[in-house]
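# Observations on the three-dimensional arrangement
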Protein chains: 2
Amino acid sequence: MAASLDEVAARAGVSASTVSRALRDVPGVALRTRERVKAAAAEVGYVSNVSGSRLATGKTGTIAIVVPTAARWFFGQAIAGAGAVIRGAGLDVLLYELGDAAGRQRLFAEHGLRGRADAVLVLSLNLSGSETRLLQQLGVPVAVLGVGPASFSSVVVNDQLAAESALRHLINLGHEVIGLIGIDNGSDVTSGSVPPIARVAGYRAAVSSAGMSLDPDLEQLDENSAAGGAAAMTRLISGPVMPTAVFASSDEMAFGALHVLRSAGIRVPADMSIVGFDNHDFAAVVDLTTVDQNVLAQGQAAARLVLAALANPGAAPTTASVPTRLVIRRSTAPPQPLRRRLEATDTTQN
Amino acid sequence: MAASLDEVAARAGVSASTVSRALRDVPGVALRTRERVKAAAAEVGYVSNVSGSRLATGKTGTIAIVVPTAARWFFGQAIAGAGAVIRGAGLDVLLYELGDAAGRQRLFAEHGLRGRADAVLVLSLNLSGSETRLLQQLGVPVAVLGVGPASFSSVVVNDQLAAESALRHLINLGHEVIGLIGIDNGSDVTSGSVPPIARVAGYRAAVSSAGMSLDPDLEQLDENSAAGGAAAMTRLISGPVMPTAVFASSDEMAFGALHVLRSAGIRVPADMSIVGFDNHDFAAVVDLTTVDQNVLAQGQAAARLVLAALANPGAAPTTASVPTRLVIRRSTAPPQPLRRRLEATDTTQN
DNA sequence: CTGAAAGCGCTTACAG
DNA sequence: CTGAAAGCGCTTACAG
């Protein structure tokens, strides 16, 4: 059904070699010849057979994106960002979702990627030593989104500093008892490796340097989801010491936390301030003060890194850093004087 | 660097043909020979070169998923569902995000898909006649998620019936003035084709058959996002007639609407009931009554359809229907008696 | 600037 | 059950 190179050659009255060269715009073909060939190709609706050219060139024209799942906000954004850059460069994207531990094992152990892509982009996965080795054995450029092995280019965000700035905002507002809702990745492959530790470190650093003491009861970890955030906030507001402000390590967790506060009659920000992390699409809708990390831009940057490595195979791996910024909305305010807080609490208990 | 078929053949002391047959588990190879070949392949770490086999067989071992963007909840779910089924069948997924109108044009007009995949899965796109024709000319099975041309298999949801059931719930609760927040896709390619019209039709059918009259002021369309939902709800509560309940055509719109109600001091469900559509991950968190449409399952079903078409090329296109169900949460309740409503409104205005 | 030929790494009738 | 040979549709030195 599809026309072949030879048909175009016959129609244009040249050899297949010339057709090949003319159509790919490689230099060394007379302008008139090139035009004649292109016209002939258009007439028969010729489309180059990718399998043929891949075999001949050894290039697949494809970049693999490896991701825990496409079904979560963060990864959807990252895929979209990286995908746009990749397609902009004329390459295809092959999407590998790990799904679960078995899927992860399968992809890495069984050479699932071998020969299928010219480069691979790993999004937010804590790569094990053996996984890193398997990726290296692929013999193609690899870039990662998030902290990765030194042998790969990477795109990072300074999570600790970003968390510190969020905390400082709370501290400058006058808060003296600040809780943390942190991410506990557990063994869930789909949760990726949103650097939870760096954000906790930022919380602790800011709290300590403000002269406040760290209290384990004020640090509640849970799974990175609205439900996890709700559970963590429930523990905070029923714990031994009630914070006047909370830093949540992700917006999704903050959303769940906000809901618990609302159900409990605890007003935001009057009775409790809350800051998230992400600047998720819904953060603006619920007026959540949050740390913006432009995930789309991170995906784009990662794709550019891998494209650069493809263009310049010898180059050393580089690390690109995407800036974050605090977005102030209406979920943060100075703490209320104690009396008003108690009154508000009484009202709630009616 | 990678070992070739011939190396394995030499090592196992057989011909390349036999290696090829043995490794792919095609019948007609002596058991002992097969084992010897597999052992030799394992020893040299042989991995079949996909370009070579693709050219020889004409099969790519790949299914293309065409989607407006991976950066929206609905499509992330659908990609994950379809992807799991496709990978389960041992095939790769090639992801084509349209991005914008230009990207859409490029993919369809420039034979972007030709020869790259054994089948294509189109997720929620209103295909034009020429796009349909171009897909047919690909000569591979095509399946769509959502309403599509009769020549392709499709997975649908009965949007009208689902909307009607949501409305009936509101009507049975005693609501007599019910607003609609509908989806206005406009010209945004990334919004896909969530069948907005069918949901509006369901709203109208239920309202009419309950003996209530349709009022254009009660139908507010906007873009399918939290911001759009917020804008539409703002118009509803500042319009000539104040509804006691609202049906939102998507959960994202409902989230925005809920936020506006909260800001306005209109209590849900005491002063206003609201039903969404999707059963988005966050719906449970905000206690939103909604129509569950299992998008993951829709993606899986679409992938199964395309796999079936691949296995049985002659078969006629089929349509699979994924059931929806109303999930009752705490955003719906009977309307308050008029007096209490007025009191509540007064309080708000203080 | 152009063409004939070899080759990319497999698979598959065909023959034995 | 096994092997030699042709072929899948391109690209690319090489020669002219």
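Residues numbered from 1 in each chain as written. Chains lettered and ligands numbered in written order. Predicted model: local features only at pLDDT ≥ 70, side-chain atom pairs only at ≥ 80, totals over all residues. Heavy atoms only, no water.

As recorded in an unreviewed UniProt entry, chain A goes by the name LacI family transcriptional regulator, listed as coming from Cryobacterium fucosi.

## Focus on the UniProt feature "domain: HTH lacI-type" (unreviewed entry) in chain A
The following threshold applies: UniProt positions are given in the numbering used here, feature names are shortened, and annotations may be inferred rather than shown by experiment. Under the DSSP-based scheme used, a helix requires at least four consecutive residues in state H or I and a strand at least two consecutive residues in state E, with every element numbered from the N terminus.
With numbering matched to this structure, UniProt assigns "domain: HTH lacI-type" (unreviewed entry) to residues 3-57 of chain A. With 69% helix and 0% strand, the stretch residues 3-57 of chain A has end C-alpha atoms that lie 21 Å from each other.

## Quick notes on the packing of aromatic side chains
The criterion, for reference: Ring pairs are drawn from Phe, Tyr and Trp, using the six-membered ring of Trp, whenever the two centres fall within 6.5 Å, and their geometry is named by plane angle: stacked under 30 degrees, edge-to-face over 60, tilted for the rest. Burial here depends on accessible area, computed with a 1.4 Å probe over protein chains only, as a share of the maximum for the residue type. Under 20% is buried, over 50% is exposed, and the range in between is partly exposed. When the NZ atom of lysine or the CZ atom of arginine is within 6 Å of a ring's centre and also within 35 degrees of its normal, the charge is said to sit over that ring.
Summed over the entire model, instances satisfying the criterion amount to seven aromatic pairs over all chains. A ring pair is formed by A:Phe74 and A:Phe75, whose centres lie 5.3 Å apart and whose planes are at 80°; its orientation type is edge-to-face. In this pair, the class of A:Phe74 matches that of A:Phe75, namely buried. By way of ring pairs, the aromatic residues A:Phe255, A:Phe282, B:Phe255 and B:Phe282 are connected into one cluster. Taking the ring centre of A:Phe277 as reference, the NZ or CZ of A:Arg199 above it sits at 3.8 Å.

## Brief notes about the interface of chain B and chain A
Interface extent is often summarised as the accessible area lost during association of the parts. Operational definition: Whether two residues touch is decided by their heavy atoms; if any such pair falls within 4.5 Å, the residues are in contact. The term buried area means the drop in 1.4 Å probe accessible area that two parts suffer when joined, counted for both and summed. Counted as salt bridges are all cases of a side-chain nitrogen of Lys or Arg within 4 Å of a carboxyl oxygen of Asp or Glu. Within 3.5 Å is the distance limit for a polar contact, defined as a pair of N or O atoms, with the added protein rule that one can donate a hydrogen and the other accept it, and that residues adjacent in sequence qualify only through two side-chain atoms. Under the grouping applied here, Gly and all other residues not named as nonpolar or charged are polar, the nonpolar ones being Ala, Val, Leu, Ile, Met, Phe, Trp, Tyr, Cys and Pro and the charged ones Asp, Glu, Lys and Arg.
Contact residues are listed per partner, giving 45 residues for chain B and 44 residues for chain A. Buried area between chain B and chain A, summed over both chains or domains, comes out near 3,700 Å², and the portion from carbon and sulfur atoms is 59%. If you sort the residues of chain B by the area they bury against chain A, B:Arg87, B:Phe282 and B:Val285 come out on top, with a joint share of 15%. When the shortest N-O distance is used, the salt bridge between B:Arg116 and A:Asp92 registers 2.6 Å. At the junction of chain B and chain A, the tally comes to 14 residue pairs in polar contact (both at pLDDT 80 or more). When residues of the side of chain B that touches chain A are traced back to their parent elements, those giving at least two are helix H4 (50-57), helix H5 (73-88), strand E2 (92-97), helix H10 (226-237) and helix H11 (251-264) of chain B. Of the residues contributing to the side of chain B that touches chain A, the split by class is 20 nonpolar, 16 polar and nine charged.

## Quick look at the pattern of salt bridges
Close approach of charged atoms allows side chains of opposite charge to pair. All names here are of chain B. This model, assessed by the stated rule, comprises 26 salt bridges over all chains. A salt bridge links arginine 325 to aspartate 292; the nearest nitrogen and oxygen atoms lie 3.7 Å apart. One end of the pair, arginine 325, is in strand E12 (residues 324-327); the other, aspartate 292, is in strand E10 (residues 289-293), with 33 residues separating them in the sequence.

## So, the relation of the copies chain B and chain A
The condition that has to hold: Copies overlap after least-squares fitting; the atoms used are the C-alpha atoms of residues with pLDDT of at least 70 in both.
With an RMSD of 0.0 Å, the fit of chain B onto chain A corresponds to turning through 180° and sliding 0.0 Å along the axis. Such a turn and shift between the copies fits a two-fold axis. Rotation axis and chain B: the residue whose C-alpha lies nearest the axis is B:Leu94, separated from it by 2.2 Å. The residues that chain B uses at the interface reappear at the interface of chain A in 98% of cases, marking a shared surface.

## A closer look at the environment of B:Glu7
Residues and elements named next belong to chain B. Topologically, glutamate 7 is positioned in helix H1 (residues 5-12). Of the residues examined, glutamate 7 reaches a relative accessible area of 42% and is grouped as partly exposed. It is 8.6 Å that separates the C-alpha atoms of glutamate 7 and alanine 41, two residues lying 34 residues apart in sequence.

## Section: the side chain of A:Asp271
All names here are of chain A. On the secondary structure map, aspartate 271 appears in the loop between helix H11 (251-263) and strand E9 (273-278). Accessibility expressed as a relative area gives 10% for aspartate 271, which makes it buried. A distance of 2.7 Å separates a polar atom in the side chain of aspartate 271 from the backbone nitrogen of arginine 267.

## Observations concerning the sheet that holds strand E12 (residues 324-327) of chain A
Residue and element names in this part refer to chain A. To keep it simple, the criterion reads: Here, any two strands with at least 2 DSSP bridges between them count as paired. Think of each axis as a best-fit line through the C-alpha atoms, taken over the contacting stretch in the case of a helix, with angles from 0 to 180 degrees between the N-to-C directions.
Spatially, the six strands line up as an open sheet ordered E7-E6-E8-E9-E10-E12, and their pairing is mixed. Each having just a single partner strand, strand E7 (219-222) and E12 make up the two edges of the open sheet. The sheet shows a mean angle of 15° between the axes of neighbouring strands, direction not considered. This element, helix H10 (residues 226-237), spans strand E6 (178-183), E7, strand E8 (245-248) and E9 of the sheet and lies at about 155° to E7.

## Here we look at the protein's contact with DNA strand C
Basically, it comes down to this: Being near a molecule or strand, for a residue, means having at least one of its heavy atoms within 4 Å of it.
Not every one of the 23 residues close to DNA strand C is listed here, only the nearest: A:Ser17, A:Thr18, A:Arg21, A:Thr33 and B:Ser20. Across the atoms of DNA strand C situated within 4 Å of the protein, the share located in sugar and phosphate is 66%. At 3.3 Å from a base oxygen of DNA strand C is found a main-chain nitrogen or oxygen belonging to A:Ala56. When contributions to the surface near DNA strand C are tallied by element, the ones reaching two or more residues are helix H2 (16-23) and helix H4 (50-57) of chain A together with helix H2 (16-23) and H4 of chain B. Counting residues per element, the surface near DNA strand C draws most heavily on H4(B), which supplies five residues. Residue composition of the surface near DNA strand C, grouped by class: nine nonpolar, eleven polar and three charged.

## With respect to the sheet that holds strand E6 (residues 178-183) of chain B
All names here are of chain B. Reading across the sheet, the six strands line up as E7-E6-E8-E9-E10-E12 and stay open at both edges, with mixed pairing between neighbours. Single-partner strands in this sheet number two, and they are strand E7 (219-222) and E12. Pairs of neighbouring strands in the sheet enclose a mean axial angle of 15°, with direction left out of account. Across four bridges, the pairing between strand E9 (residues 273-278) and E10 is parallel. Of the residues in E10, the one forming a bridge with glycine 276 is threonine 290. In this fold H11 packs onto E6, E7, strand E8 (245-248), E9 and E10, with an angle of close to 150° to the strand it touches most, E9.

## Focus on the protein's contact with DNA strand D
Near DNA strand D there are 23 residues, and of these A:Ser20, B:Ser17, B:Thr18, B:Arg21 and B:Thr33 occur at the shortest range. For DNA strand D, the backbone portion of the atoms within 4 Å of the protein, that is sugar and phosphate, comes to 67%. Within the side chain of B:Thr33, a nitrogen or oxygen atom sits 2.4 Å from a phosphate oxygen of DNA strand D. B:Ala56 has a polar backbone atom sitting 3.4 Å from a base oxygen of DNA strand D. Contributions of two or more residues to the surface near DNA strand D are made by H2 and H4 of chain A together with H2 and H4 of chain B. Per-element tally for the surface near DNA strand D: the top contributor is H4(A), with five residues. Broken down by class, the residue content of the surface near DNA strand D amounts to nine nonpolar, eleven polar and three charged.

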